[in-house]
Amino acid sequence: MKILLVDDSRTIRNIQKNVLTRLGHTEIMEAGDGVEALQQIKKDRPDLVLIDWNMPNMDGITLVREIRATDQQLPLIMCTTEAEKGRVLEAIKAGVNNYIVKPFSTETLEEKIRQTMEKAQAKAAAAATT
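Here, residues in each chain are numbered from 1, in the same order as that chain's written sequence. Local features in this predicted model are restricted to residues of pLDDT 70 or higher, and side-chain atom pairs are both shown and tallied only at a pLDDT of 80 or more, whereas totals for entire chains, interfaces and linings draw on every residue. Note that water and hydrogens are dropped before the side-chain values are worked out from all heavy atoms of the structure.

> Is there a simple way to explain the overall build of the protein in this structure?
Check the secondary structure of the protein and you find five helices and five strands. The C-alpha extent of the protein, read off along each of the three principal axes, is 45 × 35 × 30 Å. Note on exposure labels: buried denotes an accessible area under 20% of the residue type's maximum, exposed denotes more than 50%, and partly exposed covers the range between, all computed with a 1.4 Å probe on protein chains only. Looking at the protein as a whole, 45% of its 130 residues qualify as buried. The protein chains shown are the only cover counted for residues, whose accessible areas, like all others here, come from Shrake-Rupley with a 1.4 Å probe. A total of about 6,900 Å² of accessible surface is found on the protein, and carbon and sulfur atoms cover 50% of it. Positive: Lys, Arg. Negative: Asp, Glu. His and the chain ends are not part of the count. All charge positions are set by atom: Lys at NZ, Arg at CZ, Asp at CG, Glu at CD. The protein carries 18 positive and 19 negative side-chain charges, and their two centres are separated by 3 Å. In this text, helices come from DSSP runs of H or I with a minimum length of four residues, and strands from runs of E with a minimum of two, each type numbered from the N-terminal end.

Structural data, given as structure tokens:
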């Protein structure tokens, strides 16, 4: 599975990459902001995107809206320090499939990825039969 990490902090991306590698994921791409992420997605569409909220150039919520304008299927997980209920609801309305508050454990990330991918696969299967 190809995963795109979108976070302006190289340190956070490295931590996430190490966690994902421990979970068996080896195809990991990185972007430092939403603009870079959109370019990556157009060039080489990932199977899952982990998105930070607060970034320069284009923040995470804007990125989610940009992706959803053209792609309803790409699984998106917001990984952020924004824990306020209003922010979570805003992200869900914008189109994220799941939401994780930093810092998070390896187990939490693994579970959120599993949930998100299972739901995405079920949705794709349902769409294929209609």
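> Help me understand the nonpolar core in this model?
Note that soluble globular proteins tend to have their nonpolar side chains buried in a common cluster. In this structure, L4, V6, V49, I51, L63, I67 and M78 are the most contacted members of the largest nonpolar core, which totals 23 residues. Looking at this core, the elements with two or more residues in it are β1 (2-6), β2 (27-31), α2 (34-43), β3 (48-51), α3 (60-70), β4 (76-80) and α4 (85-94). Ignoring anything within four residues of it in the chain, the contact list for I67 reads L38, I41, I51, L74 and L76. In terms of nonpolar packing, the next biggest core, distinct from the first, is built from 13 residues, L5, C79, L109 and M117 among them. The criterion is simple. A nonpolar core is a set of buried Ala, Val, Leu, Ile, Met, Phe, Trp, Tyr and Cys residues joined through side-chain atoms within 4.5 Å. Contact definition: two residues touch when any of their heavy atoms are within 4.5 Å.

> Would you explain the packing of α2 against α3 in this entry?
Working note: a packed helix pair is described by the angle between its axes plus the distance between those axes. To get an axis, a line is fitted to the C-alpha atoms, and for a helix only the part in contact is used. The angle between two axes follows their N-to-C directions and goes from 0 to 180 degrees. Taken N-terminus to C-terminus, the directions of α2 and α3 make an angle of 25 degrees; their axes are 9 Å apart at the nearest point. Classified by the angle between their axes, α2 and α3 sit roughly parallel to one another. Relative to α3, α2 is oriented so that their crossing is right-handed. In this structure, α2 contributes G34, A37, L38 and I41 to the contact, and α3 contributes L63, E66 and I67. Residues that form the contact of α2 with α3 fall into these classes: five nonpolar, one polar and one charged. The labels follow the angle: roughly parallel below 35 degrees, roughly antiparallel above 145, roughly perpendicular from 65 to 115, and oblique for the rest. Note: crossing handedness is left-handed where the near helix turns anticlockwise from the far helix by less than a right angle, and right-handed where it turns clockwise. Charged means Asp, Glu, Lys or Arg here, nonpolar means Ala, Val, Leu, Ile, Met, Phe, Trp, Tyr, Cys or Pro, and polar covers whatever is left, Gly included.

> I keep staring at the sheet that holds strand β5 (residues 98-101) and nothing clicks. Help me out?
The strands making up a sheet are joined through hydrogen bonds of the backbone, oriented either antiparallel or parallel. What the five strands build is an open sheet, ordered β2-β1-β3-β4-β5; its pairing is parallel. Single-partner strands in this sheet number two, and they are β2 and β5. With strand direction ignored, the average angle separating the axes of adjacent strands in the sheet is 20 degrees. We call two strands paired when DSSP finds no fewer than two bridges between them. Sheet topology places β1 next to β3; four bridges connect them, and they run parallel. Bridge pairing in β3 places L5 opposite L50.

> I keep staring at the pairing of β4 and nothing clicks. Help me out?
The side chains of a regular strand alternate between the sheet's two faces. Most of β4 is tucked away, with five of its five residues classed as buried. Along β4, one buried face is formed by L76, M78 and T80 and the opposite face, lined by I77 and C79, is buried too. As a crossover connection, the stretch from β3 through α3 into β4 is right-handed. Both β4 and β5 contribute to a ladder of four bridges, which runs parallel. Looking at the pairing, I77 lines up with N98 of β5. By the criterion used throughout, a crossover qualifies as right-handed when its path from the first strand across the helix to the second strand runs clockwise, the strands pointing away from the viewer.

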